Every structure is written in structure tokens, then in C-alpha cells.
Amino acid sequence: GRACHMTGKMKVYRNLSAWFEDRGAILKKHRERGIGFVPTMGALHDGHLSLIRQAKAQNELVIASIFVNPTQFNNPDDYAKYPSTLEADLRLAESAGCDVMLLPSKEDVYPDQYRYRVSESEFSKILCGAHRPGHFDGVLTIVLKLFQISQASRSYFGQKDYQQLELIRSMAKAFFLDLEVIGLPTVREADGLAMSSRNLRLTPEDRKKAAMISQLLRQSFTEHKSAGFVASELSKHGFRVDYVEDHPTGPSAELRRFVAAFLGDVRLIDNMSAPEAARGTT
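About the criteria used
- Every chain is numbered on its own, with residues counted from 1 as its sequence reads.
- Per-residue local features are limited, in this predicted model, to residues with pLDDT of at least 70; the limit for side-chain atom pairs, both in listing and counting, is 80 or more; totals at the level of whole chains, interfaces and linings are taken over all residues.
- Hydrogen atoms and water are omitted, and side-chain values are computed over all heavy atoms in the structure.
- Here, a strand pair is defined by DSSP locating no fewer than two bridges between the strands.
- Counting from the N terminus, the helices are DSSP H or I runs at least four residues long and the strands are E runs at least two residues long.
- Note on geometry: axes are lines fitted to C-alpha atoms, helical ones only across the stretch in contact, with angles between N-to-C directions running from 0 to 180 degrees.
- Only heavy atoms matter for contacts: two residues are in contact if any of them lie within 4.5 Å across the pair.
- Helices are assigned an expected span. That span is 1.5 Å times one less than the residue count.
- Working definition: with a 1.4 Å probe on protein chains only, accessible area under 20% of the residue-type maximum means buried, over 50% means exposed, and in between means partly exposed.
- The cut-offs work like this: below 35 degrees is roughly parallel, past 145 is roughly antiparallel, 65 to 115 is roughly perpendicular, and the gaps in between are oblique.
- Residues were grouped as follows: Ala, Val, Leu, Ile, Met, Phe, Trp, Tyr, Cys and Pro as nonpolar; Asp, Glu, Lys and Arg as charged; and all remaining residues, including Gly, as polar.
- Take the buried Ala, Val, Leu, Ile, Met, Phe, Trp, Tyr and Cys residues and link them wherever side-chain atoms come within 4.5 Å; each set so joined is a nonpolar core.

Engineer: Please explain the sheet that holds strand β8 (residues 240-249) as it appears in this structure.
Structural biologist: Through backbone hydrogen bonds, the strands of a sheet pair up, either in parallel or in antiparallel fashion. Spatially, β8-β9-β10 is the arrangement adopted by the three strands of the open sheet, whose pairing is antiparallel. If you trace the sheet from one side to the other, it starts and ends with β8 and β10 (266-273), each paired once. The mean inter-strand angle of the sheet, taken between neighbouring strand axes irrespective of direction, is 15°. Strand contacts of helix α10 (residues 212-222): β9 (254-263) and β10, with the helix running at about 25° to β10, the strand carrying the most contacts. Most of the contacts of helix α11 (residues 227-236) go to β8, to which it runs at about 160°, and overall it touches β8 and β9.

Engineer: Help me understand the sheet that holds strand β4 (residues 61-66), please; the structure alone is not making it clear to me.
Structural biologist: Taken together, seven strands build an open sheet; the order of strands is β1-β2-β5-β4-β3-β6-β7 and the sheet is mixed. What marks the edges here is a single partner per strand, and that holds for β1 (4-7) and β7 (180-184). Going from strand to strand, the sheet's axes swing by 25° on average, the running direction of each strand aside. Taken together, the six bridges between strand β3 (residues 35-40) and β4 define a ladder with parallel strand orientation. Counted as the bridge partner of V38 is A64 from β4. Helix α1 (residues 16-30) rests against β1, β2 (10-13), β3, β4 and β5 (100-102) of the sheet, and its axis sits at about 145° to β2.

Engineer: Whenever I open this one, helix α2 (residues 46-58) confuses me. Can you help?
Structural biologist: Spacing of three or four residues puts side chains on the same side of an α-helix, whose turn is 3.6 residues. If you check α2, its first and last C-alpha atoms are 18 Å apart, about what 13 residues at 1.5 Å a residue would give, namely 18 Å. Those residues of α2 that fall on the buried side of the exposure criterion are G47, H48, L49, L51, I52 and A55. Against the buried residues of α2 lie β3, β4, α4 (86-96), β6 (154-158) and β7.

Engineer: Mind showing me how you'd approach the packing of α1 against helix α7 (residues 135-150) here?
Structural biologist: A packed helix pair is summarised by two numbers, namely the angle formed by the two axes and the spacing between the axes. Direction vectors running N to C along α1 and α7 enclose 55°, while the axes themselves pass 10 Å from each other. With respect to α7, the element α1 is oriented oblique. Only Q148, I149 and S150 of α7 make contact with α1, whose side of the interface consists of L16, W19, F20, R23 and L27. Looking at side-chain class alone, the contact of α1 with α7 contains five nonpolar, two polar and one charged residues.

Engineer: In this structure, what is going on with the nonpolar core? I would like to understand it.
Structural biologist: Across soluble globular proteins, you tend to see nonpolar side chains buried next to one another. Within the largest apolar cluster, 43 residues are counted, with the highest numbers of intra-cluster contacts made by W19, I63, V143, F147, I168 and V181. Counting only elements with at least two residues in this core, the list comes to α1, β3, β4, β5, α7, α8 (162-174) and β9. When residues of this core are assigned to their parent elements, the largest contribution, nine residues, is made by α7. By size, the runner-up hydrophobic cluster in this structure holds 21 residues, among which are L193, A210, L217 and L234.

Engineer: Help me out: how do you make sense of unusual backbone geometry in this one?
Structural biologist: Generally, phi is negative for residues other than glycine and the peptide bonds are trans, each holding for most cases. The phi dihedral of Q113 is positive, around 60°, even though this residue is not glycine. Its place among the elements puts Q113 in the loop between α5 (106-109) and α6 (128-131). In this structure Q113 comes out as exposed when scored by relative accessible area, which is 66%. In this structure, H224 is a non-glycine residue whose phi angle is positive, near 50°. Looking at where H224 falls in the secondary structure, it is placed in the loop between α10 and α11. H224 gets classed as exposed once you look at its relative accessible area, which sits at 74%.

Engineer: It is not clear to me how the pairing of β10 should be interpreted in this structure. Could you clarify?
Structural biologist: For a regular strand, the rule is simple: side chains alternate between the two faces of the sheet. Here β10 lies mainly inside the structure; eight of its eight residues are buried. The alternating pattern of β10 places V266, L268, D270 and M272 and R267, I269, N271 and S273 on opposite faces, both of which are buried. Bridge analysis of β9 against β10 gives eight bridges, and the strand direction is antiparallel. In the sheet register, F262 faces β10, and the bridge partner there is R267. In this structure, the hairpin formed by β9 and β10 is closed by a connection of two residues, where G264 is found at a positive phi of approximately 60°.

Written out as C-alpha cells, the structure is:
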């Protein structure tokens, strides 16, 4: 299709050269009063939309991107099966207040064939990093590229991917990026399951079962049970557990409990702190 078109009030760029032509004028007009950026891999849900709405509340202009980033998938099958719902995504993004949507191609984003990459040597090696080799190199590299492409003043991420959020926040600081990284609370389904594009791949039976992850996290804190209790309960109910671990996080070094577990071939992650558990399901 055309390099750039309007979907309602939202401007959609299907390649980066069209965006770069317009970017100077857009930055000049809006940067002073704030440009918010929400990078996504599409298959948008209420979690993504809450990020776009928050970006809209704090900035004059909101840019989002949809790019299923091949370099962060350690499993090629997972990449091949990642859900794609572009037309619906564009409608949802616009309704949440997105002004500009970037849809770059792989060639756009990786003209160097991924020869240059960003690596972090400590926090990225544990939790998901231990189980998905190369994953966070791919995440940090694409996010740095997208920050440079968008030139936004603020960017928004969900706390469901808490390890990712911390790594991106630290990267922005380490490289003196003129951009604020903002984390927002995990958005959950009515039964507590953390919203994720991968949930679309669960069978109906597994979808029901998946809610146990957040229920057990909450229960383990309110009943002062260990991470091991969560792992053994999940295993008992047919989950294949990658890890359940506690790590101090954030400026206050508050203890946070992290979970990753498979139902079938779908990998689900979640995390919670004691204060979040105490606040209940609201």
C-alpha cells in the first residue's frame, strides 16, 4: 500500500523513509509539549490500549509502532505463530488516542542484518534471559532503534514484562537518552490472568487454567508461602514451570516474585510484589 495514509484521524506510515520525511516538522510542532511512544508487536489488547491512553494523557502527540521483532524470538516456531491482527489493531490504536502509527519492515529496521546489537551483562542473564538465550539483546536493540526512530520524549511499557521494563529503563539511563521510560501496572482479565497477545493461542481449557498463575502469586504473598509453593502447585496442575523466583527490584529493592510457565506450547509470564497482592484483584 501507500507509504503513508490516514486511518480516521491517525496517520499510518508503512515504511520509515516516509516517516523520516515528515518527522522533522512533527517533532518541531509537538516535542515541546510532549511526544509519547508505545512500541508494540501488535495483537493489541487492553494492556496496550492503557499505555496509549496514558501516553495521550501526558503528551500532545502519541506515536505507536507495530513490529513483530524477529531478533527477540529464541524459538522460530513462536515467531511464526505470533498472532497478527493488523486491521483490528489500527482501529483499536486510533480509538485509544494514537496519532501516528509506524509499521516498519524488517529491512527498514535491520539494514545492518542485526550485526550491531545492545547487550546487558547481568540482569538480562537471569529469569527469562536464562531460559531464552539472546532474547533481551533482541529486545534492547529494537527498543533503542525505535526510540531513535520516534524521537519521543516519553515511552510507556507494562509491568507484566517487568524484567524488560527494568532493562529498558536502565539502558535509557546508561546511554543518556533524552527520554523518560514509564512503567504502568499490569492489566488483567476479570479472572486475574495478565493480558498478553499470546493468550490468544491458549485452548479454551488452558485459558481457564491460566488464571491460576496470578491467583497463586497473590495467595503465596497473603498466606506467606514461598516461591517454591507456587512452582509445585503449578506443576501439580499440569503447567511446565520455567521458573518461580524472588528478586529485589526498583529503587526501593522491593521483593518481586516472577513466574514463567508453559501451558501446551504457550509460555506465560507474570510477576507481583507483596503490596500488589495485598491490594487484591482490583
